[in-house]
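Below, each chain spelled out in residue letters.
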Amino acid sequence: MADNLPSEFDVIVIGTGLPESITAAACSRSGQRVLHVDSRSYYGGNWASFSFSGLLSWLKEYQENSDIVNENPAWQEHILENEEAIALSRKDKTIQHVEVFCYASQDLHEDVEETGALQKNHASVTSVNPTEGEHSAYLPSEDESSCTVSCQIPTEQTPNSDLESSLEINDVEATGEEEKHCDDKTCVKSASEEETSENVLTTEDTTLQPRKNRITYSQIIKEGRRFNIDLVSKLLYSRGLLIDLLIKSNVSRYAEFKNITRILAFREGRVEQVPCSRADVFNSKQLTMVEKRMLMKFLTFCMEYEKHPDEYKAYEEITFSEYLKTQKLTPNLQYFLLHSIAMTSETASNTIDGLKATKNFLHCLGRYGNTPFLFPLYGQGELPQCFCRMCAVFGGIYCLRHSVQCLVVDKESRKCKAVIDQFGQRIISKHFLVEDSYFSENTCSHVQYRQISRSVLITDRSVLKADSDQQISILTVPAVETGTFAVRVIELCSSTMTCMKGTYLVHLTCTSSKTAREDLEPVVQKLFTPYTETEIENEEDEKPRLLWALYFNMRDSSDVSRNSYNDLPSNIYVCSGPDCGLGNDNAVKQAETLFQQICPNEDFCPPPPNPEDIVIDGDSLQSEASESSFIPEANSETPKESRSLGNPELSSQ
């Protein structure tokens, strides 16, 4: 079907990231004929989620992608005399400086494969000296192979292909795992050993006693389908634009969510839990009674700060950090408010921005739990797929692994009129949405991009022990050096369906100042211990043990002005990739703005009509009346709605 598509659509969308998917769903819902294509083999672009083996295959694809040589384009023969073409790029250059490190024992055998795998493909993973992190100046080039261990993994790209299976959440603590003997081999050597025996595997002494909860690399491979690893790490504010859109459009029925259970802070080398709700404040043992009263008084003021301009008008020009010092707050409270509630830094926000962020945090408390945040089961990559499903329900056509070679522009009208795909087919449309990464260097020659530093870690336990091992936490580590940025840490447990039982998946994110490893490794070293550095007997080590780590830089195109692109016709709309922010408001705002330009008089993602109210060939007025009567019910926040969305999984069936 992909090589014989209809020849005309109203809207063609190139790329399946979150903004593109929301816009495609809104256009399809309003009656537009939508073609949604992606040259990748999976949904989501840089918003996607992968199984562990899928992630390794994705990394291998990027390495191979860097070797692509642009051949003489065959589409040129399809361009007429009164037309010109805007060539699209075959290379995705949004990911750079990729480094993978494995600290778990390499007890691999030829028959190790992921459970449920259908196909196999060789991929490699780097095993490193854990002390090498101290010398982070060395950065291998993208096409340089520094891999020492090879294992067999499936070529599966999308871990969510088995969504038809029932969604089961197992909240049982992973304390009953069988003990495993430590006769594993490891290729991680100390610096002195490396000098004498560079390629010799060392066998650890295992005659004393068995290790407890020993997690090996082969286990991670076998349980690879248990992982759903996000390329971009975000949370949903419970009263944010995306949650409101999911409820309004009824797309929430396609996903389930978990409430973030803890807000953490990193202070004086220790991780502490931050009290944020009224109950947390008064139950906290970290705060004195005086501090509790101070905090509640200030939080009450923040909820209604606009009504008391005299309290902050004189401080508008200073930073929020300086403003907090003028209030009757202890240094302990100032730290919690700045880094864990307003989630900003000493220099990043002024007083007004800090008060707005604090109010937004407090406003989101209590809707679905005792923190303001939600996380989608199976990862952030579920969200674009939910909106793609809505688009398909209303008639949108989807083609993955389908590349568009160029956009065809009419010289006289300066409007884009068609695309030419990989099969040479010309497809006509009125509007074209293109994700930024698809544009060539010629189109983006004047664009200045920011970068996001990302790290994904697999660890053996939480950064802060608790009664339950099923904790979902967010932690902000403030910047230490001038010119660097605060690092956001999101720790996910196995009940989020993003990692295997007995492990945690940890995402680190910050605005880039250097490479991802240089930006984030100091924070990793503060919070975690490489697995092979831990003594067998030292089961009481405070820091979690690091099993596997990935570092990479991702392009941030969220603040790029449309005028920065060269000679784009007015009916070509640009969608940006993920930004560095915690929430998804930027993607929703962008999608709504683009939709209003395409369909200026249409409602943005209205609720779907009730099937019982649809009348075929009947009075259109009756259908419209039935639909409009449904809208207030979907938008109103009645107690009944709050209860139905109020359980921890937020199952909206």
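Residues numbered from 1 in each chain as written. Predicted model: local features only at pLDDT ≥ 70, side-chain atom pairs only at ≥ 80, totals over all residues. Heavy atoms only, no water.

### Some details on the pairing of strand β22 (residues 473-477)
Rules: Throughout this description, buried means an accessible area under 20% of the type-specific maximum (1.4 Å probe, protein chains only), exposed means over 50%, and partly exposed covers the range between. A run of H or I in DSSP counts as a helix once it spans at least four residues, and a run of E counts as a strand once it spans at least two, with each numbered from the N terminus. Following DSSP output, two strands are said to pair if at least two bridges run between them.
Judged by how many residues are buried, β22 sits mostly within the fold: five of five residues are covered. Summarising the sheet, strand β13 (residues 262-267) and β22 pair through four bridges and their orientation is parallel. Residue pairing across strands places Ile-263 opposite Ile-474, the latter belonging to β22.

### A closer look at the side chain of Glu-83
Using the following cut-off: Here a polar contact is taken to be a pair of N or O atoms separated by no more than 3.5 Å, where protein atoms must pair a possible hydrogen donor with a possible acceptor and residues adjacent in sequence count only if both atoms sit in side chains. Between two residues, a contact is recorded if the distance between any of their heavy atoms is within 4.5 Å.
By the element assignment, Glu-83 lies in strand β4 (residues 83-87). A polar side-chain atom of Glu-83 sits 3.0 Å from a polar atom in the side chain of Lys-417. Of note is the side chain of Glu-83, whose polar atom sits 2.9 Å from the side chain of Arg-426. Contact partners of Glu-83, with chain neighbours within four places excluded, come to His-78, Val-408, Val-409, Lys-411, Lys-417 and Arg-426.

### Observations concerning helix α1 (residues 18-29)
Selection criterion: Expected span, for any helix, means 1.5 Å times one less than how many residues it has.
For α1, built from 12 residues, the straight-helix expectation of 16 Å at 1.5 Å per residue is met to within 8% by its first-to-last C-alpha distance of 16 Å. Among the residues of α1, those classed as buried are Leu-18, Pro-19, Glu-20, Ser-21, Ile-22, Thr-23, Ala-24, Ala-25, Ala-26, Cys-27, Ser-28 and Arg-29. One or two residues past the end of α1 sits Gly-31, with phi positive at roughly 100°.

### Looking at unusual backbone geometry
The backbone of Glu-268 sits at a positive phi, close to 55°, despite the residue not being glycine. One can find Glu-268 in the loop between β13 and β14 (270-273).

### Examining the sheet that holds β4
Sheet strands pair by backbone hydrogen bonding; their relative direction is either parallel or antiparallel. This is how it is decided: The axes used here are C-alpha line fits, helices contributing only the stretch in contact, and every angle between their N-to-C directions lies in the interval 0 to 180 degrees.
Taken in spatial order, the four strands make up an open sheet running β4-β17-β18-β19, and their pairing is antiparallel. At either end of the open sheet lies a strand with only one pairing partner, and these are β4 and β19 (426-428). In this sheet, neighbouring strand axes are inclined to one another by 30° on average, regardless of whether the strands run parallel or antiparallel. Of the pairings in the sheet, the one linking β4 to strand β17 (residues 404-410) comprises five bridges and is antiparallel in character. Of the residues in β17, the one forming a bridge with Ala-87 is Cys-406.

### Quick look at the sheet that holds strand β16 (residues 397-400)
With parallel pairing, the five strands of this open sheet are ordered in space as β16-β2-β1-β20-β27. Two strands bound the open sheet, and with one partner strand each, they are β16 and β27 (572-575). Geometrically, the sheet is characterised by an average inter-axis angle of 15° between neighbouring strands, direction not taken into account. In this sheet, strand β20 (residues 431-435) lies alongside strand β1 (residues 11-14) in parallel orientation, the contact comprising four bridges. The partner of Ile-12 across the bridge, within β20, is Phe-432. The sheet contacts of α1 involve β1, β2 (34-38), β16, β20 and β27, and relative to β2 the element is tilted by about 160°. On top of the sheet, helix α11 (residues 382-393) reaches β2 and β16; it is set at about 135° to β16, its chief contact.

### Considerations on the pattern of salt bridges
Heads up, the rule is: Salt bridges are identified by distance alone: a Lys or Arg side-chain nitrogen within 4 Å of an Asp or Glu carboxyl oxygen.
Applying the stated criterion across every chain, the model contains 26 salt bridges. One salt bridge connects Lys-417 with Glu-83, and the closest N-O pair in it is separated by 3.0 Å. Taken as a pair, Lys-417 in strand β18 (residues 416-421) and Glu-83 in strand β4 lie far apart in primary sequence, 334 residues in all. The exposure class assigned to Lys-417 is partly exposed, which follows from its relative accessible area of 28%. A salt bridge links Glu-304 to Lys-307; its shortest N-O distance comes to 3.9 Å. Looking at Glu-304, the relative accessible area reads 38%, which means it is partly exposed. Salt bridges sharing partners connect three or more residues here, namely Glu-83, Asp-410, Lys-417 and Arg-426.

Read these as layout, nothing more, since geometry by itself doesn't imply function.
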